[in-house]
Amino acid sequence: FFSGMEKLIVCAHRRPDALCRLICFPWAGGRTSQLAQWSTLFSNSVEVLCVRFPGRESRLNEPFAKDMASIVNEITSVLLKELQEKPFAFFGHSFGSYVSFAVALHLKEKHGLEPVHLFSSGAHAPHSEAIIPIRRISVFDAKEEEILAYIQKAGGTPPELLHNKDIMKHVIHTVKQDVRVLQTFSFEKAEMNTPFSCDITCFNGSDDIPHDLQAWQELTSGDTAFYKLPGGHFYLLEPSNKIFLTKHITRCIENAGL
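What comes next is a walk through the structure. (Residues numbered from 1 in each chain as written. Predicted model: local features only at pLDDT ≥ 70, side-chain atom pairs only at ≥ 80, totals over all residues. Heavy atoms only, no water.)

**Considering the pairing of strand S5 (residues 117–121)**
When you tally the buried positions in S5, you get five out of five residues, the bulk of the element. Judged by which residues are buried, S5 turns out to be covered on both faces: His117, Phe119 and Ser121 on one side and Leu118 and Ser120 on the other are all buried. A crossover links strand S4 (residues 88–93) with its parallel partner S5, the connecting element being helix H4 (residues 95–111), and its sense is right-handed. (Buried < 20%, exposed > 50% of the residue type's maximum accessible area, 1.4 Å probe, protein only. Helix = DSSP H or I, 4+ residues; strand = E, 2+ residues; numbered from the N terminus. Right-handed = clockwise from strand over helix to strand, strands pointing away.)

**So, the sheet that holds strand S3 (residues 46–51)**
Taken in spatial order, the seven strands make up an open sheet running S1-S3-S2-S4-S5-S6-S7, and their pairing is mixed. Unpaired on one side and paired on the other, strand S1 (9–10) and strand S7 (224–229) mark the two borders of the sheet. One ladder, built from six bridges, connects strand S6 (residues 199–205) with S7; its direction is parallel. Among the inter-strand pairings, Cys202 is bridged to a residue of S7, identified as Phe226. Here H4 sits on the sheet in contact with strand S2 (20–25), S4 and S5, set at roughly 150° to S4. (Pairing = 2+ DSSP bridges. Contact = heavy atoms within 4.5 Å. Axes fitted to C-alpha atoms, helices over the stretch in contact; angles between N-to-C directions.)

**Things to note about the environment of Ser100**
Position of Ser100 among the secondary structure elements: in helix H4. Owing to a relative accessible area of 2%, Ser100 belongs among the buried residues under this scheme. Along the chain, Ser100 and Lys242 lie 142 residues apart, while their C-alpha atoms are 19 Å from each other. Among all residues touching Ser100, those that are not within four sequence positions of it are Phe25, Phe90 and Gly92.

**Here we look at the packing of helix H3 (residues 68–85) against H4**
At a minimum axis separation of 9 Å, H3 and H4 run at an interaxial angle of 60°. The angle between H3 and H4 places the two elements in the oblique class. Along this stretch, H3 crosses H4, giving a crossing that reads as right-handed. Taken together, the residues of H4 that come into contact with H3 (itself represented by Met68, Ile71, Val72, Asn73, Ile75, Thr76, Leu80 and Leu83) are Phe95, Tyr98, Val99, Ala102, Val103, His106, Leu107 and His111. Among the residues forming the contact of H3 with H4, the class breakdown is twelve nonpolar, four polar and no charged. (Parallel < 35°, antiparallel > 145°, perpendicular 65-115°, else oblique. Left-handed = near helix turned anticlockwise from the far one by under 90°. Nonpolar A, V, L, I, M, F, W, Y, C, P; charged D, E, K, R; others polar.)

**A look at the pattern of salt bridges**
For the structure on display, the rule yields twelve salt bridges. Between Glu47 and Arg14 there is a salt bridge; the shortest N-O distance is 2.8 Å. Separated by 33 residues along the polypeptide, Glu47 in strand S3 and Arg14 in the loop between S1 and S2 bring together distant segments of the chain. Between Glu144 and Lys169 there is a salt bridge; the shortest N-O distance is 3.6 Å. With Glu144 in helix H6 (residues 144–154) and Lys169 in helix H8 (residues 165–183), this pair connects stretches of sequence that are 25 residues apart. For Lys169, a relative accessible area of 46% corresponds to the partly exposed category. Salt bridges here are not isolated pairs; linked through shared partners, they connect Arg14, Arg21, Glu47, Lys81, Glu82 and Glu85. (Salt bridge = Lys/Arg side-chain N within 4 Å of Asp/Glu carboxyl O.)

This is the structure in structure tokens:
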């Protein structure tokens, strides 16, 4: 991996002979560790890459992205050669789902490239009215306690990290920055324009807030499938759900006829 790739991408298991790459996009404030470790659950036919956003982990000293366009441009420019040479699928959770959609849209419009499958988790369809309240949160006026309470309620951050004041401050700051990026992204679906032809699968935790998933159907001429798995917003961290997700994703990729 050259330097831009090393900075942006975590790949726990290199699989140069894989049929397909699964690019994973973490949630707001999220790290790459959980999704990068998925690679142990996939067969050799899938190589798992996880995107590392600026301002965290080994990119701690870089400024946070100021908007969705800069994240999309970085990911596209670093990964373009890889995405052109081999089929790829996207998996994004929550904030990561919107980023993966924005990247897929850009790849389609500018390079005529499309994932073989788009997996969305814990997220509204990007053109849904359900996103409007997220756009209206004045995130930098929110008190630290409010954001911390939200993070604790949603899960996804190990409790021992939140007992460490410095780490807690950083997690809160990172979540705020990611929400601000999400607020810079808006996708208006034109009347007859269906951006994708790949299949889309939407996952949601049964105890999570209901997300507007049905509207994802309007974004592809391919098939759309919906799955509810037991748990809250971070249902995907439960071992049994992890196994279901990785098996299901493998099956979908294999059925894409690569």
